[in-house]
Amino acid sequence: MATKNDNSAAQDAAKKALAAVQAKKAAEKTKAADDTRASGKVQHNITHVGQESTNKEELLAITKKNAMPYRIAAIILWILAIGFEVFAILFFTHKFEPAFAAENPGWIISWVVCLVLDLVCVIIGSQLWKKANHLDPASAKNKTKFWIHNNLGVFLSVLAFLPFIIFVLTDKKADKKMKTIAAVAAAVALVVGGLTSVDWNPISQEELLEAAGTTEVYWTDSGTVYHLYEDCSHLNHSVELKEGTTTTAIENGKTRACKTCEARAIREADEAAQAAADAGKTDVDSGTTDKTDTGENTVDTGN
Ligand SMILES: [Zn+2]
């Protein structure tokens, strides 16, 4: 089912993790199937959830539906942000001058408050937009489109402050000092809004689909990730666990594997490969293992 795309680092990492999960399963099959669950330090109440037969289109329809409220809320907040910017411009340029904004403290307060509300709306909107993208990721086939989609909040930050800066700097009434203060304040807001709007760790639709349905995973109602190991340290304080395929986890809003579990799976897979190499076995269940350097420390190309 995997369609070959350009290899982004993120996809490499996802593939590596996936290979690790498969290696983990293979390793477990050869072990005596007695220990892990019974000997775990923490007793979990595990509820199995989910139908097993969700296909790709159904899954994407569900993720889209899960993300929709966040997208709508983000867009509403961004519209409000632009609205506050318009008022900031009107106040600053004296185009809108109710009694309270005619005198000096009131005038400054009026456009400063509008700028602050503008920034608040941009930041909250962007966080909701990022949340929506993690529930319902965009395709990474087109890199530019993918970046724009994930970082739409950055463009909104520019849109929410740059026009104000331009109006301020070209205003003829205000004195130079006030113009400088207002422009610098808006520029700082633009940078703060922009930086908080960047998704530093985006996930793609391809990663999501590739992870879907491949293995049994664990999650909690309150968490945002799924775990590959029931005895993951992050689950030590959780008694109630849900168990299901990654597809079901994704449907429940857990779109990403826990980093600790991912690292462990990769480590265990490396160890298993090493052990297999040491034992002189050549039939490791991994089509991608490069036979020429299994005896050496493998160079980590994904990082
Ligand atoms: Zn974990």
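Procedures and definitions
Residues numbered from 1 in each chain as written. Predicted model: local features only at pLDDT ≥ 70, side-chain atom pairs only at ≥ 80, totals over all residues. Helix = DSSP H or I, 4+ residues; strand = E, 2+ residues; numbered from the N terminus. Buried ≥ 20, exposed ≤ 12 C-beta atoms within 10 Å, placed from the backbone. Contact = placed C-beta atoms within 7 Å. Pairing = 2+ DSSP bridges. Axes fitted to C-alpha atoms, helices over the stretch in contact; angles between N-to-C directions. Core = buried A, V, L, I, M, F, W, Y, C linked by C-beta atoms within 7 Å. Expected span 1.5 Å × (residues − 1). Arc of directions from axis to C-beta. Parallel < 35°, antiparallel > 145°, perpendicular 65-115°, else oblique.

Undergrad: Please explain the overall build of the protein chain as it appears in this structure.
TA: The helix and strand tally for the protein chain stands at 11 helices and 5 strands. The buried share among the 303 residues of the protein chain stands at 32%. For the protein chain, the share of sequence-separated contacts (at least 6 apart) that also reach a separation of at least 24 residues comes to 81%.

Undergrad: Looking at this structure, I do not really get the sheet that holds strand β2 (residues 216-219). What am I missing?
TA: The strand order across the open sheet formed by 3 strands is β1-β4-β2, and the pairing between neighbours is mixed. Looking along the sheet, the strands with just one partner apiece sit at the ends: β1 (45-48) and β2. For this sheet, the mean inter-axis angle between neighbouring strands, taken without regard to orientation, is 30°. As defined by bridge partners, β1 adjoins strand β4 (residues 240-245) across 4 bridges and the pair is classed as parallel. Within the sheet, the bridge partner assigned to T47 lies in β4 and is K242.

Undergrad: Help me out: how do you make sense of the nonpolar core in this one?
TA: As a rule of thumb, nonpolar side chains are buried together in soluble globular proteins. Ranked by internal contacts, the top residues of the largest apolar core, which has 33 residues, are A81, A88, F92, V122 and A186. Looking at this core, the elements that each hand over two or more residues are α3 (56-92), α5 (104-135), α7 (152-169) and α8 (176-197). Core analysis: the second largest hydrophobic core is formed by 21 residues, W219, L235, A272 and A276 among them.

Undergrad: In this structure, what is going on with the pairing of β4? I would like to understand it.
TA: Consecutive residues of a regular strand have side chains that alternate between opposite faces of the sheet. Bridging between β2 and β4 involves 4 bridges; their strand directions are antiparallel. Considered in β4, the bridge of V217 is made with G244.

Undergrad: Just checking my understanding: could you explain α8 for this structure?
TA: Each turn of an α-helix holds 3.6 residues, which means side chains three or four residues apart point in the same direction. Over its 22 residues, α8 extends 31 Å from the first C-alpha to the last, a length consistent with the 32 Å expected when each residue adds 1.5 Å. For α8, every residue scored as buried is listed here: A182, A186, A189, L190, G193, G194 and S197. Buried positions in α8, seen along its axis, are confined to an arc of 130° and lie on one side of it. Away from its buried face, by an angle of more than 90 degrees, α8 presents the exposed residues K176, K177, V184, V191 and L195.

Undergrad: Explain the environment of W78 to me, please; I cannot follow it from the model alone.
TA: Considering the arrangement of structural elements, one finds W78 in helix α3. Taking the C-alpha atoms as reference, W78 lies 8.9 Å from I123; in sequence the two are 45 residues apart.

Undergrad: Explanation requested: the environment of L169 in the structure shown.
TA: Among the secondary structure elements, L169 is positioned in helix α7. The class of L169 is partly exposed, set by 13 C-beta atoms lying within 10 Å. With 10 residues separating them along the chain, L169 and K179 place their C-alpha atoms 6.1 Å apart. Once residues within four sequence positions are removed from consideration, L169 is found in contact with K179 and A183.

Undergrad: How should I be thinking about the packing of α7 against α8 in this particular structure?
TA: Two quantities define a packed helix pair, namely the angle between the axes and the distance from one axis to the other. As a packed pair, α7 and α8 sit with axes 8 Å apart at the nearest point and diverge in direction by 175°. In terms of orientation, α7 lies roughly antiparallel with respect to α8. Facing G153, V154, L156, S157, V158, A160, F161, L162, F164, I165, V168 and L169 of α7, the residues of α8 in contact are K179, A182, A183, A186, A187, A189, L190, G193, G194 and S197.

Undergrad: Mind showing me how you'd approach unusual backbone geometry here?
TA: Leaving glycine out, the prevailing phi sign among residues is negative, and the prevailing peptide bond configuration is trans. Positive phi, close to 60°, is recorded for H94, a residue that is not glycine. Mapped onto the secondary structure, H94 falls in the loop between α3 and α4 (99-102). Exposure remark for H94: the 13 C-beta atoms within 10 Å place this residue in the partly exposed category.

Worth remembering: the numbers are spatial, not functional.
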